[in-house]
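Structural characterization, general
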Amino acid sequence: MLLLTKVVLSLMVGFLTSVVFGIVLIPFLKKLNFGQRIGDYVGENHRKKEGTPTMGGLIFIIPTILTIVYLCLTDRIEFTYNLGIVLLVFVLYAFLGFLDDFLSIKRGKNEGLTISQKFFGQIVIALLFFYIYMKYDGDTTFVVSTLNINIELGFFYGIFILLLLVGFSNAVNLTDGLDGLAGGLSAISFVAFALISLFIGQEDMGIFCFILVGTLFGFLMFNAYPAKVFMGDTGSLALGAVFATIAILTRREVTLLIVCFPFVFETLSSIIQIGYYKLTKKRVFLNSPIHHHFEKKGFAEPDIVKAFYLFGIIFSLLGIFFAVWI
């Protein structure tokens, strides 16, 4: 019952704090003229979204931090090593995304940090994570308990961590192209990781995930179609990095690929599109990531998002089944 109370409290405080923060932040972003610049590659349907406030990731980032502080100060949860390291990654990737969004707004076009600058920042934070991980944990074994796999990777585990953090921060970033898409899919996936974490006895990670679910629900109050605010790189880079971090700390890296397969699918569609075009000068999809392909096919934006939500729920259930019951 105590655990259930913590879960409910995490969801409620996270949600309410996020909603209140969103009500305050969005008018402030409008006043500062922090509007999104729409890229040339998207369709005309997105042109009407020009000027919609961005940096909306702050609506779930700051409330998540505040909720954790509140729960720790009231002795509802204990501030653990895992909680500290996942918060560090969350904040640092959010700051990197914030810089990208801010520069994009300042320059008045959909270009913030260069690809190489963003990639460099992602790598530096991933290396910092690996340094702290090795200092306080040091376990470099790749484990898939479900399949009885146990491989000592040594130094290569650092490369593995880097690939996960950089890969998934970019995967969520690519998915953030339709109103409510990345936020809703993230909430679904975090529910799965919350349940998995609690099942394997990592209450700190489970509660953190439920806090994020609550704050993401609050964010979706403003980001669902038609969006009043966009997540921006501020939110998407942070969410993707946190997915990877939680998977590493719970030793459920393979489960991550299942639970977050919609993000992987979006990334693969872009890789296939770019690779095929370079080889043949032809396109596999009408546009990429693949949610834009469905838009070009004439599907309504809310219908595409709903379909992806269903897709996300199916793979989250498969991920839970793989991690817990097989």
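Let us look at the structure shown here. (Residues numbered from 1 in each chain as written. Predicted model: local features only at pLDDT ≥ 70, side-chain atom pairs only at ≥ 80, totals over all residues. Heavy atoms only, no water.)

If you walk through the whole model with that rule in mind, you get 19 aromatic pairs. Measuring from centroid to centroid gives 5.5 Å for Phe142 and Phe160, while their planes differ by 85°, and the two rings are edge-to-face. Remark: Phe160 occurs in helix H5 (residues 156-175) and Phe142 occurs in strand E1 (residues 141-144); sequence separation between them is 18 residues. For Phe142, a relative accessible area of 16% gives the class buried. Classification of Phe160 by relative accessible area gives partly exposed; the value is 22%. Where Phe243 meets Phe263, the ring centres are 5.7 Å apart and the plane angle is 45°; that geometry is what we call tilted. Placement of the pair is Phe243 in helix H8 (residues 232-249) and Phe263 in helix H10 (residues 261-280), with a sequence separation of 20 residues. Residue classification places Phe263 among the buried residues on the basis of a relative accessible area of 0%. An aromatic cluster of at least three residues, connected via ring pairs, comprises Phe129, Tyr133, Phe142, Tyr157 and Phe160. (Phe/Tyr/Trp six-rings, centres within 6.5 Å; stacked < 30°, edge-to-face > 60°. Helix = DSSP H or I, 4+ residues; strand = E, 2+ residues; numbered from the N terminus. Buried < 20%, exposed > 50% of the residue type's maximum accessible area, 1.4 Å probe, protein only.)

What follows covers the environment of Phe129. Looking at the secondary structure, you find Phe129 in helix H4 (residues 115-136). Residues Phe129 and Ile161 lie 32 residues apart in sequence; the distance between their C-alpha atoms is 8.5 Å.

Take unusual backbone geometry next. Cis geometry marks the peptide bond from Tyr225 to Pro226; its omega dihedral reads -10°. With respect to the secondary-structure elements, Pro226 resides in the loop between helix H7 (203-223) and H8. Of note, the amide linkage connecting Ser288 to Pro289 takes the cis form, showing an omega dihedral of 0°. Note that Pro289 resides in the loop between H10 and helix H11 (290-296). A positive phi angle, close to 65°, is found at Met55, a residue other than glycine. Summarising the element assignment, Met55 is placed in the loop between helix H1 (2-31) and helix H2 (58-73). At Lys281, a residue that is not glycine, the phi angle is positive and equals roughly 65°. Within the secondary structure layout, Lys281 lies in the loop between H10 and H11.

This brings us to the packing of helix H3 (residues 81-107) against H4. Helix packing for two helices is described by the angle between their axes and how far apart those axes are. At their nearest, the axes of H3 and H4 sit 10 Å apart, and the two run at 170° to each other. It follows from the interaxial angle that H3 and H4 lie roughly antiparallel. Residues Tyr81, Ile85, Leu88, Val89, Leu92, Tyr93, Leu96 and Asp100 of H3 lie in contact with H4, whose contacting residues are Lys118, Gly121, Gln122, Ile125, Ala126, Leu128, Phe129, Ile132, Tyr133 and Tyr136. (Axes fitted to C-alpha atoms, helices over the stretch in contact; angles between N-to-C directions. Parallel < 35°, antiparallel > 145°, perpendicular 65-115°, else oblique. Contact = heavy atoms within 4.5 Å.)

As a further point, take the pairing of strand E2 (residues 149-152). Both E1 and E2 contribute to a ladder of 4 bridges, which runs antiparallel. Looking across to E2, one finds that Val144 is bridged to Ile149. Once E1 ends, the chain turns through 4 residues before running back antiparallel as E2, passing Asn148 with a positive phi of about 55°. (Pairing = 2+ DSSP bridges.)

Here the focus is the nonpolar core. Membership of the largest hydrophobic core comes to 91 residues, with the highest contact counts inside it found for Phe60, Tyr93, Phe129, Leu165, Phe190, Phe208 and Ile246. The residues touching Phe190, leaving out its near neighbours within four places in the chain, are Cys209, Leu212, Val213, Leu216, Leu239, Val242, Phe243 and Ile246. (Core = buried A, V, L, I, M, F, W, Y, C linked by side-chain atoms within 4.5 Å.)

To continue, consider the side chain of Asp179. By secondary structure assignment, the location of Asp179 is in the loop between H5 and helix H6 (181-199). A polar contact is formed between the side chain of Asp179 and the backbone nitrogen of Ala227, at a distance of 3.0 Å. Those residues within four positions of Asp179 in sequence are excluded, and the remaining contacts are Lys49, Asn223, Ala224, Tyr225, Pro226, Ala227, Phe230, Glu301 and Val305. (Polar contact = N/O pair within 3.5 Å; in protein donor to acceptor, adjacent residues only side chain to side chain.)

All told, the structure shown has 5 salt bridges when counted by the stated rule. Salt bridges linked by common partners bring Asp100, Lys118 and Asp233 together as one network. (Salt bridge = Lys/Arg side-chain N within 4 Å of Asp/Glu carboxyl O.)

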